[in-house]
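Fold and contact review
If you want the building blocks of each chain, they are given just below.
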Amino acid sequence: MRAAGNTAGMHDWERELAEIRRRVNERVYESERALERWRLHAEDRLADADTAVFEEPLDPAAVPGDAPEQFREVVARFDSGELDWQTVVSGSVEDEGERAVSMWMDRRLGQLQAAGRLVRRGMTAEEAYDEVAGRVGR
Amino acid sequence: MSGSGTLGASRAFDYHLRSRWMKAFEALAQTADTLQQMCESMAAQYEHTVKGLLYTLTYFLSQIKKGLGKIMVATNWAKLAAALYGVVSSLYDLIVDGVKLAVEQVQMFIEGFEMISATVVMLRHQMDGDFDALKAG
């Protein structure tokens, strides 16, 4: 009697173990699917990113209205790779022309921050540009 | 008399070995196998998540740096700023989603581990009493 009872218990136990293994495998499968969904989403985002505009060359003759007179010379050095714009923005420069451009870039950063705040309030980038650049001159 | 008593004990022990202990150890081995599969899968998933995040971060950060360089010197920066805003938004969304995914993976791992712990506890309950004769001896 005892043996029969124990064998019946053993069958329940095996069923329960199989059910637990099934649930663990299901969890692992769900996790793998979530990872695949994220990977596809990341690929879509990479493909949709409109970065072509960053590759377009700027007109070397175009100078912002409020830029210092040394602007064109300093930007030409950015383009040739002789100077890094981040170095100039950080202010780690000795040259007088570079310093003038650095101060101007600092003001531009302020414009960009102001434009960012306007975009967050619902303006388009174009409207924010008109609002901010219109105030300080182009 | 003594012989029949020994035979009874021997049969009982044989029953325990074949019908209960062997099955219990087999179940334990399968549980350990499931745990190993789960750990290997989680490790592989984490590796893919981290590699994916690093690749995405590297790509988007290089684009942001390039875009900022252009915005800093462009005459009209409206179009560039709109494109940069899009890239930064995409990067932000992907990081948030990546972190959510990592949290979900940890949650799934915890649940899987809890299930396996429950299996071990169940094994222990099922085997409860089987070793009493040995302890008494």
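Quick caveat: nothing in here was measured; it's all calculated off a predicted structure.

1. A look at the overall build of chain A
For chain A, the helix and strand inventory stands at 6 helices and 0 strands. Reading chain A from its N end, one meets helices and strands in the order α-α-α-α-α-α. A separation of at least 24 residues holds for 38% of the contacts in chain A among residues at least 6 apart in sequence.

2. What to know about the overall build of chain B
Looking only at helices and strands, chain B features 3 helices and 0 strands. Going from the N terminus to the C terminus, chain B shows its helices and strands as α-α-α. Taken across its 137 residues, chain B has 23% of its residues classed as buried. In chain B, of all internal contacts separated by at least 6 residues, the share reaching a separation of at least 24 is 68%.

3. Focus on the interface of chain A and chain B
Listed per partner, the contact involves 46 residues of chain A and 52 residues of chain B. Elements with a contribution of two residues or more to the side of chain A that touches chain B: α1 (2–48), α2 (52–55), α3 (71–80), α4 (85–90), α5 (96–120) and α6 (125–136) of chain A. If you tally residues by element for the side of chain A that touches chain B, the top one is α1(A), at 25 residues. The residue makeup of the side of chain A that touches chain B, split by class, is 28 nonpolar, 6 polar and 12 charged.

4. Side note on the nonpolar core
A:Ala115, A:Tyr129, B:Ile71, B:Leu80, B:Ala81 and B:Leu84 are the most contacted members of the largest nonpolar core, which totals 26 residues. Every element with two or more residues in this core is listed here: α3, α4, α5 and α6 of chain A together with α1 (2–73) and α2 (78–127) of chain B. Non-local contacts of B:Ala81, meaning those with residues more than four positions away in its chain, are made with A:Leu112, A:Ala115, A:Ala125, A:Tyr129 and B:Ile71.

5. Notes on the packing of α3(A) against α5(A)
How two helices pack is summed up by the angle between their axes together with the distance between the axes. All names here are of chain A. Following both chains from N to C, one finds α3 and α5 inclined at 90 degrees, their axes separated by 9 Å at the closest point. Viewed along their axes, α3 and α5 adopt a mutual orientation that is roughly perpendicular. Of the residues in α5, those touching α3 at Phe71, Glu73 and Val74 are Gly97, Glu98 and Val101. The residue inventory of the contact of α3 with α5, partitioned by class, reads 3 nonpolar, 1 polar and 2 charged.

6. Quick notes on α2(B)
End to end, α2(B) covers 73 Å across 50 residues, agreeing with the expected 74 Å (1.5 Å per residue, within 8%). One or two residues past the end of α2(B) sits B:Gly129, with phi positive at roughly 100 degrees.

7. A closer look at α5(A)
Residue pairs spaced three or four apart in an α-helix point in one direction, given the helix's 3.6 residues per turn. Here α5(A) contains 25 residues, and its C-alpha end-to-end distance of 36 Å stays within 8% of the 36 Å for a straight helix at 1.5 Å per residue. Taken as a whole, α5(A) has its buried residues at A:Val101, A:Ser102, A:Trp104, A:Met105, A:Arg108, A:Gln111, A:Leu112 and A:Ala115.

8. Some details on the environment of A:Gly91
In this structure, A:Gly91 sits in the loop between α4 and α5. A:Gly91 sits 10 residues away from A:Val101 along the chain, and the two C-alpha atoms are 9.3 Å apart.

9. Considerations on the confidence of the model for chain A
Model confidence for chain A is summarised by a mean pLDDT of 83, while 88% of its residues fall at 70 or above. By mean pLDDT, the top-scoring element of chain A is α5(A) (91), and the lowest-scoring one is α1(A) (78).

10. Some remarks on the confidence of the model for chain B
All names here are of chain B. Per-residue pLDDT for chain B averages 82, and the proportion of residues at 70 or more is 91%. Across chain B, the element-wise mean pLDDT spans from 63 in helix α3 (residues 132–136) up to 84 in α2. Across the assembled chains, the prediction reports ipTM 0.71 with pTM 0.69.

Rules used throughout
- Residues numbered from 1 in each chain as written.
- Chains lettered and ligands numbered in written order.
- Predicted model: local features only at pLDDT ≥ 70, side-chain atom pairs only at ≥ 80, totals over all residues.
- Helix = DSSP H or I, 4+ residues; strand = E, 2+ residues; numbered from the N terminus.
- Contact = placed C-beta atoms within 7 Å.
- Buried ≥ 20, exposed ≤ 12 C-beta atoms within 10 Å, placed from the backbone.
- Nonpolar A, V, L, I, M, F, W, Y, C, P; charged D, E, K, R; others polar.
- Core = buried A, V, L, I, M, F, W, Y, C linked by C-beta atoms within 7 Å.
- Axes fitted to C-alpha atoms, helices over the stretch in contact; angles between N-to-C directions.
- Parallel < 35°, antiparallel > 145°, perpendicular 65-115°, else oblique.
- Expected span 1.5 Å × (residues − 1).
- pLDDT = per-residue confidence, 0-100.

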